Amino acid sequence: MAPTKKGILERLNAGEVVIGDGGFVFALEKRGYVKAGPWTPEAAVQYPEAVRQLHREFLRAGSNVMQTFTFYASDDKLENRGNNLKLTGAQINEAACDLAREVANEGDGVVAGGVSQTPSYLSSKSEADVKAIFRKQLNVFIKKNVDFLIAEYFEHVEEAVWAVEVLKETGKPVAASMCIGPKGDMHGVPAGECAVRLVKAGAQIVGVNCHFDPMTCVETVKLMKEAVEKAGLKAHYMVQPLAYHTPDCNRQGFIDLPEFPFGLEPRILTRWDMHKYAREAYNAGIRYIGGCCGFEPYHIRAVAEELAPERGFLPAASEKHGSWGAGLEMHTKPWVRARARREYWENLKPASGRPQCPSMSVPDSWGVTKGHTDLMQQKEATSKEELKQLFDKSKTH
């Protein structure tokens, strides 16, 4: 019989570094398996090999956590804006759990079942209605016996607290991750207060994911940690940021950037940026360190390589990657061989190769949040008239 793996809290309580995976919807959209717009995870049913392979690449890169590909898999999201999949959330979530468990069993991985914000909340549905959506997803996670649960990608702490309260009903460890920056949630609740509310609701791990770049996310988690400790509470901390530089974002994050979602590549972080991020997160006391949109396996490998001294080992993928470019010592060209050193890559300031491009963008600040007409859920596809109104409105911003 194989030895029992340590659970997420057992690892964190022992002071271990837990490395998360990356952003599945963005990675699989680029590979042709996810549709941008709805960002729903039906690929777990339709293209299981693509999802399985991405899990394997993250595991090989050093990830401890195989997070189920269940982002936006609630039934209300699956039928929003004409997204008629003829697949239920239960079908997608069951397939996603099976894939994550299969790959986790190939290494030292644990499986996390995830729920995220809902169109029902943004449409001002009741607490009971929103919690019912979470419970429906939770039934699958219990059936499949995931190792722990994550409430992630929440813009409003109120909805995140509702999610945590539901997830806590299972008795499994619960993590809560909001997609906010240092300015707090979309209703102006400070980041620190968000964390305190989540811990009081029962989350044992709190932090942020998505919407902002790594350093902004680390700064946000620092504020969370400070507030939780000041309140006399205890928690572990997690961070799973974007792999994009976003210094010009406002409270809404990268969704407001005019480059979202198809022109973000010039903002991508290098693997060397990821080394800095991993060290900054570790020094801040964060022990669950991963990634979200834009993160590819090589980014996670960089995180794992930076934290190899603390973890005591390198990931399997480092077999094909010399530390700080050491593999370039075997390159044919002498000037490339001269780059086989840490000093070179740490101090490099990459060019974009785009002479007429600005270094920053002006975000589209529409100021739209929960309860606004533009966010109301509708099963019908967006009409041409509705699109025209949006096009006209965008010209004024």
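The structure this text deals with has already been given above.
This structure is a prediction, so every number in the text was calculated from the model and none was measured.

**Q** Can you explain the environment of alanine 14? Please cite residues and give values.
**A** Positionally, alanine 14 belongs in the loop between helix 1 (8-13) and strand 1 (18-19). Its relative accessible area of 56% is what places alanine 14 among the exposed residues. Taking C-alpha positions, alanine 14 is 17 Å from glycine 109, a pair spaced 95 residues apart along the chain.

**Q** Which residues make up the nonpolar core, and what are the values?
**A** In this structure, Phe69, Leu198, Val239, Phe254, Tyr277, Ile286 and Ile289 are the most contacted members of the largest nonpolar core, which totals 105 residues. Apart from the residues lying within four places of it in its own chain, the contact partners of tyrosine 277 are Pro214, Met215, Val218, Val239, Gln240, Pro241, Ile289, Gly290, Phe295 and Val303. If you look at the next biggest cluster of nonpolar residues, it comprises 13 residues, including Leu9, Ile150, Ala175 and Ile205.

**Q** Account for the sheet that holds strand 5 (residues 174-178), with residues named and values stated.
**A** The strand order 1-8-7-6-5-4-3-2 describes an open sheet built from 8 strands, whose pairing is parallel. The sheet terminates laterally at strand 1 and strand 2 (65-67), the two strands that pair on one side only. Relative to strand 4 (residues 148-154), strand 3 (residues 110-115) runs parallel, the two being bridged by 4 bridges. Across the sheet, the residue bridging to valine 115 is alanine 151, located in strand 4. Taken strand by strand, helix 11 (residues 214-230) contacts strand 6 (205-209) and strand 7 (236-240), and its axis lies near 165 degrees from that of strand 7.

**Q** Describe in detail the side chain of glutamate 306, supporting the description with residues and values.
**A** Its location among the elements puts glutamate 306 in helix 13 (residues 297-306). With a relative accessible area of 12%, glutamate 306 lands in the buried category. Of note is the side chain of glutamate 306, whose polar atom sits 2.9 Å from the side chain of histidine 275. Residues contacting glutamate 306, with those up to four places away along its chain left out, are His275, Ala278, Arg279 and Trp324.

**Q** Residue-level account of the packing of helix 4 (residues 48-61) against helix 13, with values.
**A** Relative placement of two packed helices is described by the angle separating their axes and the distance separating the axes. Running from N to C, helix 4 and helix 13 point in directions that differ by 20 degrees, and their axes come no closer than 8 Å. For the element pair helix 4 / helix 13, the angle class is roughly parallel. In this structure, the crossing between helix 4 and helix 13 has a hand that is right-handed. Two secondary-structure elements touch here, helix 4 through Leu54, Glu57, Phe58 and Ala61 and helix 13 through Pro297, Ile300, Arg301 and Ala304. A per-class count over the contact of helix 4 with helix 13 returns 6 nonpolar, no polar and 2 charged.

**Q** Got a sec to walk through the packing of helix 4 against helix 6 (residues 89-104)? Specific residues and values, please.
**A** It is at 9 Å that the axes of helix 4 and helix 6 come closest, and there the two elements cross at 35 degrees. Seen along the crossing, helix 4 lies across helix 6 with a hand that is right-handed. Together, Pro48, Val51, Arg52, His55, Arg56 and Leu59 of helix 4 and Leu99, Ala100, Glu102 and Val103 of helix 6 make up the contact between the two elements. Per-class residue counts for the contact of helix 4 with helix 6 are 6 nonpolar, 1 polar and 3 charged.

**Q** Help me get a handle on the packing of aromatic side chains, residues and values and all.
**A** The description of an aromatic ring pair rests on the distance of the ring centres and on the angle between the ring planes. Scanning the entire structure with this criterion turns up 20 aromatic pairs. On the numbers, 5.6 Å between centres and 25 degrees between planes, the contact of tryptophan 272 with tryptophan 345 is stacked. Taken together, the residues span a long stretch of sequence, with tryptophan 272 in helix 12 (residues 271-283) and tryptophan 345 in helix 16 (residues 342-347) at a distance of 73 residues. Ring pairing ties together the aromatic residues Phe26, Trp39, Tyr244, Phe254 and Phe260, which thus form one cluster. The cationic tip of arginine 287 hangs over the ring face of tyrosine 282; the distance from NZ or CZ to the ring centre is 3.7 Å.

**Q** Got a sec to walk through the side chain of asparagine 250? Specific residues and values, please.
**A** Residue placement: asparagine 250 occurs in the loop between strand 7 and helix 12. A relative accessible area of 19% places asparagine 250 in the buried class. Separated by 3.2 Å, the side chains of asparagine 250 and aspartate 256 make a polar contact. Those residues in contact with asparagine 250 that lie beyond four places of it in its chain are Phe212, Asp256, Pro363 and Ser365.

**Q** How would you sum up the pairing of strand 7? Please name residues and give values.
**A** Of all 5 residues making up strand 7, 5 are buried, and the element is well covered by its neighbours. On strand 7, burial covers both faces: His236, Met238 and Gln240 on one face and Tyr237 and Val239 on the other are all buried. In this structure, strand 6 lies alongside strand 7, joined through 5 bridges in parallel fashion. Within strand 7, the position partnered with asparagine 209 by the bridge is glutamine 240. Handedness of the crossover is the feature at issue here: the chain leaves strand 6, passes through helix 11, returns alongside strand 7, and the resulting connection is right-handed. Both strand 7 and strand 8 (residues 288-289) contribute to a ladder of 2 bridges, which runs parallel.

**Q** For helix 2 (residues 24-31), give the residues involved together with the corresponding values.
**A** Every buried residue belonging to helix 2 is among Phe24, Val25, Phe26, Ala27 and Leu28, and all of these are buried. Structurally, helix 2 contributes buried residues whose contacts are with helix 4. Where helix 2 terminates, the next one or two residues include glycine 32, which has phi positive at roughly 95 degrees.

**Q** Which residues make up the pattern of salt bridges, and what values do they have?
**A** A full pass over the atoms with the stated rule returns 23 salt bridges. Put simply, arginine 11 and aspartate 108 hold a salt bridge, and the shortest N to O gap is 3.1 Å. Remark: aspartate 108 occurs in the loop between helix 6 and strand 3 and arginine 11 occurs in helix 1; sequence separation between them is 97 residues.

Rules behind the numbers
Residue positions within a chain follow its written sequence, with the count starting from 1. Where local features are concerned, this predicted model is filtered to residues with pLDDT of at least 70; where side-chain atom pairs are given and counted, the filter is 80 or more; whole-chain, interface and lining totals use all residues. Think of the side-chain values as coming from all heavy atoms in the structure, minus any hydrogens and water. For helices the rule is a DSSP run of H or I covering at least 4 residues; for strands it is a run of E covering at least 2, with both sets numbered from the N terminus onward. Only protein chains enter the area calculation, which uses a 1.4 Å probe; residues under 20% of their type maximum are buried, those over 50% are exposed, and those in between are partly exposed. Only buried residues count toward a nonpolar core, which is a set of Ala, Val, Leu, Ile, Met, Phe, Trp, Tyr and Cys residues joined through side-chain atoms within 4.5 Å. Any two residues whose heavy atoms approach within 4.5 Å at even a single point are treated as in contact. Each pair of strands is called paired provided DSSP finds at least two bridges between the two strands. As a rule, the C-alpha atoms of each element are fitted with a line to give its axis, helices using only the stretch in contact, and angles between N-to-C directions run from 0 to 180 degrees. The definition of a polar contact used here is a pair of N or O atoms within 3.5 Å, where within protein one atom must be able to donate a hydrogen and the other to accept one, and adjacent residues in sequence count solely through side-chain atom pairs. These descriptions rest on fixed angle ranges, namely under 35 degrees for roughly parallel, over 145 for roughly antiparallel, 65 to 115 for roughly perpendicular, and the rest for oblique. Should the near helix be turned counterclockwise from the far one by less than a right angle, the crossing is left-handed, whereas a clockwise turn marks it as right-handed. When residues are sorted by character, Ala, Val, Leu, Ile, Met, Phe, Trp, Tyr, Cys and Pro go into the nonpolar class, Asp, Glu, Lys and Arg into the charged class, and all the rest, Gly among them, into the polar class. Think of it this way: a Phe, Tyr or Trp ring, Trp meaning its six-membered ring, pairs with another when their centres are within 6.5 Å, and the plane angle makes it stacked under 30 degrees, edge-to-face over 60, tilted otherwise. Counting as a charge over the ring demands two things of the Lys NZ or Arg CZ atom: a distance within 6 Å of the ring centre and an angle within 35 degrees of the ring normal. By convention a crossover is right-handed if, when the strands point away from the viewer, the path from the first strand over the helix to the second runs clockwise. The working definition used for a salt bridge is a side-chain nitrogen of Lys or Arg within 4 Å of a carboxyl oxygen of Asp or Glu.

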